[in-house]
Amino acid sequence: MSPILGIYASQISGHLWAPSGAYDSIATVTVGSGGAANVEFTSIPSTYTHLQIRGIARDASTSGSINMQFNTDTASNYSRHAIYGDGSGAYASAASTIAFVRPGFVATSSYGSNTFGAIVLDVLDYANTNKYKTMRSLAGVDNNGSGEMDFRSGLWQSTSAITSIKLYVDGGSNFAQYSSFALYGIK
Amino acid sequence: MPNTFEAIATQTVSGSSTTNITFSSIPSTYTDLVLVANATASTSGQGMNLYFNGDAGSNYSSTRLYGNGSTATSDRQTSGTFINFALGSFNNGQLVVANIMNYSNTTTNKTVLLRQNTASAFVGALVGLWRSTSAISTIEIIISGGNYVAGSTFSLYGIAAA
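> Looking at this structure, how should I read the packing of aromatic side chains?
In this description, a pair of aromatic rings is defined by centroid distance and the angle of the planes. Considering all chains together, one arrives at 16 aromatic pairs over all chains under this definition. Ring geometry for Phe90(B) and Tyr148(B): centres 6.3 Å apart, planes at 50°, overall tilted. Linking Phe90(B) in the loop between β7 (83-84) and β8 (94-101) with Tyr148(B) in the loop between β11 (139-143) and β12 (153-159), this pair joins segments that are 58 residues apart in sequence. In this structure, Arg152(A) packs its charged tip against the face of Tyr84(A), placed 5.8 Å from the ring centre.

> Explanation requested: the sheet that holds strand β3 (residues 32-39) of chain B in the structure shown.
Residue and element names in this part refer to chain B. A sheet is described by the order of its strands in space; here 8 strands give the open sequence β1-β12-β3-β8-β9-β10-β5-β6, paired in antiparallel fashion. Strand pairing shows two members of the sheet lacking a second neighbour, β1 (5-12) and β6 (72-80), which therefore form its edges. Here the average twist between neighbouring strands, direction ignored, is 15°. Sheet topology places β3 next to β8; 7 bridges connect them, and they run antiparallel. Across the sheet, residue Ala37 finds its bridge partner in β8, namely Val96.

> Quick question: what am I supposed to make of the interface of chain B and chain A here?
Size of an interface, as often reported, equals the accessible area lost when the parts are brought together. At the interface, 39 residues of chain B touch 46 residues of chain A. Summed over both partners, the interface of chain B with chain A comes to about 3200 Å²; 63% of that surface belongs to carbon and sulfur atoms. Applying the counting rule to chain B against chain A returns 1 salt bridge. As a salt-bridge pair, Asp32(B) and Arg54(A) come within 2.8 Å of each other at their nearest N and O atoms. Going through the elements one at a time, β3, β5 (60-67), β6, β8, β9 (110-118) and β10 (122-130) of chain B are the ones with two or more residues in the side of chain B that touches chain A. Within the side of chain B that touches chain A, the residues separate by chemical class into 17 nonpolar, 17 polar and 5 charged.

What counts, and at which threshold
Residues numbered from 1 in each chain as written. Chains lettered and ligands numbered in written order. Predicted model: local features only at pLDDT ≥ 70, side-chain atom pairs only at ≥ 80, totals over all residues. Heavy atoms only, no water. Phe/Tyr/Trp six-rings, centres within 6.5 Å; stacked < 30°, edge-to-face > 60°. Helix = DSSP H or I, 4+ residues; strand = E, 2+ residues; numbered from the N terminus. Lys NZ or Arg CZ within 6 Å of the ring centre and 35° of its normal. Pairing = 2+ DSSP bridges. Axes fitted to C-alpha atoms, helices over the stretch in contact; angles between N-to-C directions. Contact = heavy atoms within 4.5 Å. Buried area = accessible area lost by both parts, 1.4 Å probe. Salt bridge = Lys/Arg side-chain N within 4 Å of Asp/Glu carboxyl O. Nonpolar A, V, L, I, M, F, W, Y, C, P; charged D, E, K, R; others polar.

Next comes the structure, spelled out in structure tokens:
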């Protein structure tokens, strides 16, 4: 076990990471008072086959769009697709040669208090050095009269093993307090 | 380290009189719950209604996205008395996988992300909101008419984050 990851996990969640089964909790980040610009998982062990991130989130401002980058790559090495519905219509979107993928849309500061969006995303074959990396997500938020349901996918055009993941709010605002993301490894 | 993804309980319908599936005394020790249902209704035109903690007030809402083979649609339920657990009539069977996120925290309202598949008619997903900060201790899935056909299964799992 990497002592760096062990210490990191301990600081975040209070537990030392120790692999045990086919579906392991690796680390959890919960945003404290004052919010957080980013949620990052670093020193991700390469011993799993897939990763899953499960979380609830709220944007402290008005964007609501959550972006994701791998291994601190901020260059235009990503692409994404989405099908989503806002309660009125169903839509599709795509973007290529971009600087991030977008797992989903969550609650904003205009949503009812205590309402958070949710994301369940998978990063497949994340440690494989022969493949580009694919993310797929199920995400959404409902606000009793507004909201959005998303199916999304993203591609990182790199064969590097993923060792870090950064989640952040599009437009530069913060994750609100109580936003929480948990990283799991799947063998 | 305890198991991260654990089976809590499974209910398999027998006979022809079951209309209500209840998971009660749900332990608060997990982070998320996953509810997997593979169910069939005895008659057409019925739905499955999802309730938390016995709340039958107008405290539920949802946004849905689904396709029926020719059209993609998004619709919404506001101030409802339950969350629509089934997508359309399910007398030919329905598979639902529902993620009940951060179910035991007492700070946030409860959000459900679920995928619904009625093989003969629809595929879709729904995000549901229960406007309550209470920890979820009971889940009910009640059929709107008729009964669950014998062999219908409902399984509840807990996922524990570090």
